[in-house]
Amino acid sequence: MKVDLSCYGEKVAELADRVGDFDLRSPMDVHSWYRVEWEAIAETIGFVQELDVALAAVRMVRDRVAATGAAAVQAFSSWLRAQRPTLEDGEARVQEAVLGQVIAAGRERGELWRVSADPTSLAGGACFGEGPRSRRVFYPDTPAGYFGEGWSGPPPRAESACGWQTPLVLHVGTFPWVYSSRLAGAGPGVRWASGGVQPAVAGLRAMAGMLEPGENLRQDARQVAVIFEHFAAQTAPLVDRLPEYLPGRGKPGQLYRKGGFLYVHQGSLHVVGLDGPRGRIAAPAYNYVLRRFACFFAVRRAALRALLALPSEVQRIAERSTDPCLRAVVEEVIRAG
């Protein structure tokens, strides 16, 4: 059965095609597609070796999708332990508690891709005590950026000990690039770790959930589509001016468009980027973020096509969704039998 995603926007179906189609009912398809996508994630963040070891231990299990995701998260955690900690344990504990709260609330609302909350209602007021001072545990992502026009309100309902004047906003769906206005370098979420506490693992795990049929269908895809449309509108003028790569005619070190993503011929993608009025966006960040959107809709399409073969609890998630685009396709799938 063909699944039409145009309800979410004309560009969405084309976007999903950038990472290829697959059949959730085919163990071979599942193995191949998910391995490629997790390798792409690990290559960008840096835990390729750990991922290879973790995936080698994943054998033929009943839920290969969930097992692959769990192995990848564990590989990321192992890699993170080997990195130099950037947080104190006290700050990391507050971060972890706040992340747990906003992720749980976003998941319940079906709005996990971008979560927002009154910081004064969260653990520790989303503040961390550092000597006589109190600091915010997350960056206040208020300026207009690549994921939205900024979030100036509603203001916190209570006085903040560390100066929160806006909502706390995190883009979990594109973890570790969680801030709309900070795409110039490495993903900020990777730095969420201390010697003993790893809030970053919760962030990666939430992002990984979007690749699983049940969690993907729980998310209201209209939120994802709106953020993608904004990202595409802000980056298109920067990307469209780049030449399309032609095999055999590339110049070393030149940045190109290739297959819908950025490509450097005989050079490193990590040293180039795009400069626009909303700031610099590193080439790896652009490709990674675009791939997260593409993967979300590719999994959504595959899950709907295979819906009647999925567990009954996953079917119920789709049937009870508040997403009208999703419900319309579910009704069509059920009628088709």
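Worth saying up front: this structure is predicted, and the values here are computed from it rather than measured.

So, how was this worked out
Residues numbered from 1 in each chain as written. Predicted model: local features only at pLDDT ≥ 70, side-chain atom pairs only at ≥ 80, totals over all residues. Heavy atoms only, no water. 1 Å grid on protein atoms, 1.4 Å probe; cavity = no way out; pocket = protein on both sides within 12 Å on 5 of 7 lines; lining within 4 Å. Points joined across faces, edges and corners; volume = space filled by probe spheres on them. Helix = DSSP H or I, 4+ residues; strand = E, 2+ residues; numbered from the N terminus. Nonpolar A, V, L, I, M, F, W, Y, C, P; charged D, E, K, R; others polar. Core = buried A, V, L, I, M, F, W, Y, C linked by side-chain atoms within 4.5 Å. Buried < 20%, exposed > 50% of the residue type's maximum accessible area, 1.4 Å probe, protein only. Contact = heavy atoms within 4.5 Å. Polar contact = N/O pair within 3.5 Å; in protein donor to acceptor, adjacent residues only side chain to side chain. Salt bridge = Lys/Arg side-chain N within 4 Å of Asp/Glu carboxyl O.

**Considering the layout of surface pockets**
Each pocket or cavity is described by its volume, and for the largest pocket that value is around 600 Å³. Elements supplying a minimum of two residues to the lining of the largest pocket: α2 (27-45), α4 (64-81), α7 (213-218) and α10 (312-319). Considered class by class, the residues forming the lining of the largest pocket number 13 nonpolar, two polar and seven charged.

**Focus on the nonpolar core**
Counting residues in each nonpolar core, the largest one holds 113 residues, and the members touching the most others are Phe 47, Phe 76, Phe 138, Phe 231 and Phe 297. Setting aside residues up to four positions removed in sequence, Phe 138 forms contacts with Gln 95, Val 98, Leu 99, Trp 164, Leu 168, Leu 170, Tyr 179 and Trp 192.

**Considerations on the side chain of His 230**
Looking at the secondary structure, you find His 230 in helix α8 (residues 221-240). At 3.1 Å, the side chain of His 230 and the backbone oxygen of Gly 145 are in polar contact. Here the side chain of His 230 touches Arg 278 through a polar contact of 3.1 Å, side chain to side chain.

**Quick look at empty space enclosed by the protein**
By the definition in use, this model includes three cavities of 30 Å³ or more. His 31, Tyr 34, Arg 35, Leu 55, Val 58, Arg 64 and Thr 68 together form the lining of the largest cavity. Taken together, the elements giving at least two residues each to the lining of the largest cavity come down to α2 and α4. The element best represented in the lining of the largest cavity is α2, accounting for three residues. For the lining of the largest cavity, the per-class residue count stands at three nonpolar, two polar and two charged.

**As for the pattern of salt bridges**
Per the stated rule, a full pass over the model turns up 16 salt bridges. Here Arg 157 makes a salt bridge to Asp 118, at a shortest N to O gap of 3.8 Å. Linking Arg 157 in the loop between β3 (133-136) and β4 (168-170) with Asp 118 in the loop between β1 (115-117) and β2 (127-130), this pair joins segments that are 39 residues apart in sequence. Residue class for Arg 157 comes out exposed when judged on its relative accessible area of 71%. Look at Asp 118 and you get buried, because its relative accessible area is 12%. The salt bridge involving Glu 244 is made with Arg 257; its shortest N-O contact spans 3.1 Å. Within this pair, whereas Glu 244 is found in the loop between α8 and β5 (255-258), its partner Arg 257 is found in strand β5, the two being separated by 13 residues in sequence. Judged by relative accessible area, Glu 244 falls into the partly exposed class, the value being 39%.

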